[in-house]
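Fold and contact review
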Amino acid sequence: MDSHLTAPNRSRSSQTPSPSHSASASATSSLHKRKLAAAASEDHAPPSSFPPSSFSADTRDGALTSNDDLESISARGADSDSDADDSEDAVVDDDEDDFDHDNDSSIRTFTTARLESGGGGSGSGRNTKLKTENSTVKLESADGGKDGAAPGSGPVGPTGAAAAGGSSIAGISTKEDVKIFTENIQTSGAYSAREESLKREEEAGRLKFVCYSNDGVDEHMVWLIGLKNIFGRQLPNMPKEYIVRLVMDRSHKSVMVIRRNQVVGGITYRPYVSQKFGEIAFCAITADEQVKGYGTRLMNHLKQHARDVDGLTHFLTYADNNAVGYFIKQGFTKEIHLERDRWQGYIKDYDGGILMECKIDPKLPYTDLSTMIRRQRQAIDEKIRELSNCQIVYPGIDFQKKEAGIPKKVVKVEDIPGLKEAGWTPDQWGHTRFRALIVSADNATNQKHLTGFMRSLLKSMHDHVDAWPFKEPVDARDVPDYYDIIKDPMDLKTMSKRVESEQYYVTLEMFVADVKRMFANARTYNSPDTIYYKCATRLETHFQSKVQSGLQSNTKIQ
Ligand SMILES: CC(=O)SCCNC(=O)CCNC(=O)[C@H](O)C(C)(C)COP(=O)(O)OP(=O)(O)OC[C@H]1O[C@@H](n2cnc3c(N)ncnc32)[C@H](O)[C@@H]1OP(=O)(O)O
């Protein structure tokens, strides 16, 4: 090993679990405290494949640097009959300090049993395989039991699907779709807009999604270490050595977001090929790139890759409580439908997380969902057009108004452009909650009854002892800021003008809406302890009882 890869000589932290400690210790509970299920460790998991020597190397002072990682990788490689080669020496981690802080606390919150058992295969692809061959242990290394991740590793998604084991995008081809798409981005929704924008970035070569394991290739190792650093920052309660161990474990694969050759985030998962499901161990996007759609696109690439390359049908993960929302949006559920036999004893059990499942659809074009969604919208749109005229837009109505908002010219309902064409017929006139008022045969009679009723309601309010604040419009000279706060003023005088015009209130609901607005304005501008507020409440109660009794004695009104 080159000298620069020799681990710095650091003192061991008191919190760092020693191999003997870790074998027996039970750490305190925390959100991220995770422990290997008894079933996994006793019944199925192979004996710890992480010898104390390499374990110590990983946990010196709880501070892992790039060199530490490389050393631990090398050490693990040697222990596990790894094929890691010296090309790792070329890997430089420019983010090495990231693992220096808060490692002690993460160690404290970690159930050390997990480190010991490590999910039954961490860093030990070959050992695991060798040990399980002569036992009933169900665990297997990734990629159908082959060591390393060469099969199925590489670019993923539209530009890399072929490279990723000859997979193709299921479902829809994009070629001929372009011209039938609705051009308006708003019609495609925010989800599709984000997906499409990232897809364009991929096509322009500025963004790519790749899937690699610890294969010793310099570039991949740099990305994996970058990803390990992101996990270290974004999953602060997860022990750093545990992160590096799984990320570098050859039975795990990592789908990574690479932007301008820098890793932005990724998902490390373990495919259990014989069981056709994968376990997501870590998932994170670097802090300043979150909530930009990378997490969604990453998950879509992962699903497509896992289905087409690994042959998986499901994903399981222990989601941190604060990430449950994200996983739900990616199609995960808290109900586990996968038969227990397929997963129990395989996956690592975590305390404080919520086990979630996602079924991978056999056909969905995950990396091209936006195209599919747009086509579906287009099809629905075309069907609606076939069955209706809703796409025809008529010119608006000229509502020139005079005082109190009363229109200068009466527009008859049947003259409203497009209304008849949309299926309106005169017998639909008067569909209102206050139907009892307009049972008469012709509109003129209806309007006469309505006007009479509104007039009586207005008079009843006007004569009420609490009406005085509402009789005239508020004078801005008396209350200078009134119209800054109240944008839709209303008063009894204005309503009276509208009633007398016999044109404005064509339904009782319009009149009631104005009354309600008048009272709401009073309660918005004035505080509850003011006389204005109290008058509003009392007068409103009075008004409501008058409307009710008026409607009940409908015959009298008519
Ligand atoms: C198994 C585990 O590893 S569990 C731990 C998961 N990782 C973390 O918690 C680390 C910190 N968080 C992150 O790294 C990221 O926020 C991730 C990976 C959770 C999500 O990646 P992002 O790039 O931010 O996701 P993206 O931008 O695609 O958002 C997808 C949707 O999920 C929502 N979302 C993102 N993170 C969360 C969250 N923590 N809780 C609820 N909703 C979320 C977004 O608002 C968005 O919603 P929208 O589609 O309605 O607009």
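See above for the structure.
Before going into details, it helps to say that this report is about the structure given with it.

About the cut-offs
- Residues numbered from 1 in each chain as written.
- Predicted model: local features only at pLDDT ≥ 70, side-chain atom pairs only at ≥ 80, totals over all residues.
- Heavy atoms only, no water.
- Near = heavy atom within 4 Å.
- Polar contact = N/O pair within 3.5 Å; in protein donor to acceptor, adjacent residues only side chain to side chain.
- Areas by Shrake-Rupley, 256 points an atom, 1.4 Å probe, with all protein chains shown as cover.
- Phe/Tyr/Trp six-rings, centres within 6.5 Å; stacked < 30°, edge-to-face > 60°.
- Helix = DSSP H or I, 4+ residues; strand = E, 2+ residues; numbered from the N terminus.
- Buried < 20%, exposed > 50% of the residue type's maximum accessible area, 1.4 Å probe, protein only.
- Patch = residues over 30% accessible without salt bridge, like charges linked within 9 Å, V, L, I, M, F, W, Y side chains within 5 Å.
- Salt bridge = Lys/Arg side-chain N within 4 Å of Asp/Glu carboxyl O.
- Axes fitted to C-alpha atoms, helices over the stretch in contact; angles between N-to-C directions.
- Left-handed = near helix turned anticlockwise from the far one by under 90°.
- Contact = heavy atoms within 4.5 Å.
- Nonpolar A, V, L, I, M, F, W, Y, C, P; charged D, E, K, R; others polar.
- Expected span 1.5 Å × (residues − 1).
- Arc of directions from axis to C-beta.
- Pairing = 2+ DSSP bridges.
- Parallel < 35°, antiparallel > 145°, perpendicular 65-115°, else oblique.
- Core = buried A, V, L, I, M, F, W, Y, C linked by side-chain atoms within 4.5 Å.
- Right-handed = clockwise from strand over helix to strand, strands pointing away.

**Here we look at the site of the ligand**
Residues in close proximity to the ligand total 25 residues, the closest being Arg-194, Val-291, Gly-293, Thr-296 and Asn-322. Between the ligand and the protein, one listed contact pairs an oxygen atom with a backbone N or O atom of Val-291 at 2.6 Å. The backbone of Gly-293 places a nitrogen or oxygen atom 2.7 Å from an oxygen atom of the ligand. With the chains in place, 80% of the 950 Å² that the ligand exposes on its own is no longer accessible.

**Some thoughts on the packing of aromatic side chains**
Applying the stated criterion to the full structure yields 16 aromatic pairs. Ring geometry for Phe-327 and Phe-332: centres 5.1 Å apart, planes at 70°, overall edge-to-face. A ring pair is formed by Phe-511 and Phe-543, whose centres lie 6.2 Å apart and whose planes are at 55°; its orientation type is tilted. Of the two residues, Phe-511 sits in helix 18 (residues 508-525) while Phe-543 sits in helix 19 (residues 531-552), which places them 32 residues apart along the sequence. Relative accessible area serves as the criterion here: at 0%, Phe-511 is assigned to the buried category. Each member of the aromatic cluster is reached from another via a ring pair, and the members are Tyr-504, Tyr-505, Phe-511 and Phe-543.

**Comments concerning a nonpolar patch on the surface**
A cluster of nonpolar side chains, contributed by Trp-468, Ile-531 and Tyr-532, occupies part of the molecular surface with about 310 Å² of accessible area. With respect to the helices, strands and loops of the structure, Ile-531 is situated in helix 19. Under the relative-accessibility criterion, Ile-531 is labelled partly exposed at 42%.

**Digging into the packing of helix 9 (residues 218-234) against helix 10 (residues 240-248)**
Interhelical geometry of helix 9 versus helix 10 gives an angle of 145° and a closest axis separation of 10 Å. Pair helix 9 / helix 10 crosses with right-handed handedness. Contacts from Met-221, Leu-224, Ile-225, Lys-228, Phe-231 and Gly-232 in helix 9 reach Lys-240, Ile-243, Val-244, Val-247 and Met-248 in helix 10. When its residues are assigned to classes, the contact of helix 9 with helix 10 shows eight nonpolar, one polar and two charged.

**Remarks on helix 8 (residues 189-203)**
Helix length check: helix 8 (15 residues) gives 21 Å between terminal C-alpha atoms against 21 Å at 1.5 Å per residue, within 8%. If you check which residues of helix 8 are buried, you get Ser-192, Glu-195, Glu-196, Leu-198, Lys-199 and Glu-202. The buried residues of helix 8 occupy an angular sector of 170° when projected down its axis, which confines them to one face. Those residues of helix 8 that are buried are in contact with strand 2 (207-212), helix 11 (294-310) and helix 14 (369-387). Within two residues after helix 8, Gly-205 carries a phi angle of roughly 85°, on the positive side.

**A look at the pattern of salt bridges**
According to the stated counting rule, one finds 23 salt bridges in the structure shown. The salt bridge partner of Glu-403 is Lys-497, with a shortest N-O separation of 2.3 Å. One end of the pair, Glu-403, is in the loop between helix 14 and helix 15 (443-462); the other, Lys-497, is in helix 17 (residues 492-501), and 94 residues separate them in sequence. Between Glu-500 and Arg-455 there is a salt bridge, with the nearest N and O atoms lying 3.0 Å from each other. Linking Glu-500 in helix 17 with Arg-455 in helix 15, this pair joins segments that are 45 residues apart in sequence.

**With respect to the environment of Ala-520**
Structurally, Ala-520 can be placed in helix 18. Judged by relative accessible area, which is 34%, Ala-520 ranks as partly exposed. Ala-520 sits 17 residues away from Thr-537 along the chain, and the two C-alpha atoms are 9.3 Å apart.

**A word on the sheet that holds strand 5 (residues 277-285)**
A sheet is described by the order of its strands in space; here seven strands give the open sequence 1-2-3-4-5-6-7, paired in mixed fashion. In this open sheet, the two strands that pair with only one neighbour each are strand 1 (154-156) and strand 7 (353-359). Ignoring strand direction, the axes of neighbouring strands in this sheet form an average angle of 30°. Bridge analysis of strand 3 (residues 253-259) against strand 4 (residues 262-272) gives seven bridges, and the strand direction is antiparallel. Paired with Ile-258 across the bridge in strand 4 is Val-263.

**Comments concerning the pairing of strand 2**
Within strand 2, five of the six residues are buried, which leaves it mostly tucked inside the rest of the structure. Bridging between strand 1 and strand 2 involves three bridges; their strand directions are antiparallel. Within strand 2, the residue paired with Val-156 across the bridge is Phe-209.

**Concerning the packing of helix 17 against helix 18**
Between two packed helices, both the angle of their axes relative to each other and the distance between the axes serve to describe the pair. Two elements in contact, helix 17 and helix 18, have axes separated by 11 Å at closest approach and are oriented at 170°. Taken together, helix 17 and helix 18 sit at an angle that is classed as roughly antiparallel. Contact residues: Leu-492, Met-495, Arg-498 and Val-499 in helix 17; Phe-511, Asp-514, Val-515, Arg-517 and Met-518 in helix 18. Split into classes, the residues belonging to the contact of helix 17 with helix 18 amount to six nonpolar, no polar and three charged.

**Quick look at the nonpolar core**
Counting residues in each nonpolar core, the largest one holds 33 residues, and the members touching the most others are Phe-231, Met-256, Phe-277, Phe-282 and Ile-347. Elements that contribute at least two residues to this core include exactly strand 2, helix 9, helix 10, strand 3, strand 4, strand 5 and strand 6 (314-320). Here the element with the most residues in this core is helix 9; it accounts for seven residues. Counting 29 residues, the second-largest nonpolar core is a separate cluster that includes Leu-198, Val-255, Val-324 and Leu-369.

**As for the pairing of strand 5**
Most of strand 5 sits out of view: eight of its nine residues are buried. Note: strand 4 against strand 5, eight bridges, orientation antiparallel. Residue pairing for strand 5: Arg-270 is matched across the bridge by Glu-279. Taking the residues that link successive antiparallel strands as the turn, the strand 4-strand 5 hairpin has four residues, and the phi of Lys-276 there is positive, at about 60°. Two strands pair when backbone bridges link them, and strand 5 and strand 6 are joined in this way by four bridges, in the parallel orientation. Paired with Phe-277 across the strands is His-314, a residue of strand 6. Note on the crossover from strand 5 through helix 11 to strand 6: the handedness is right-handed.

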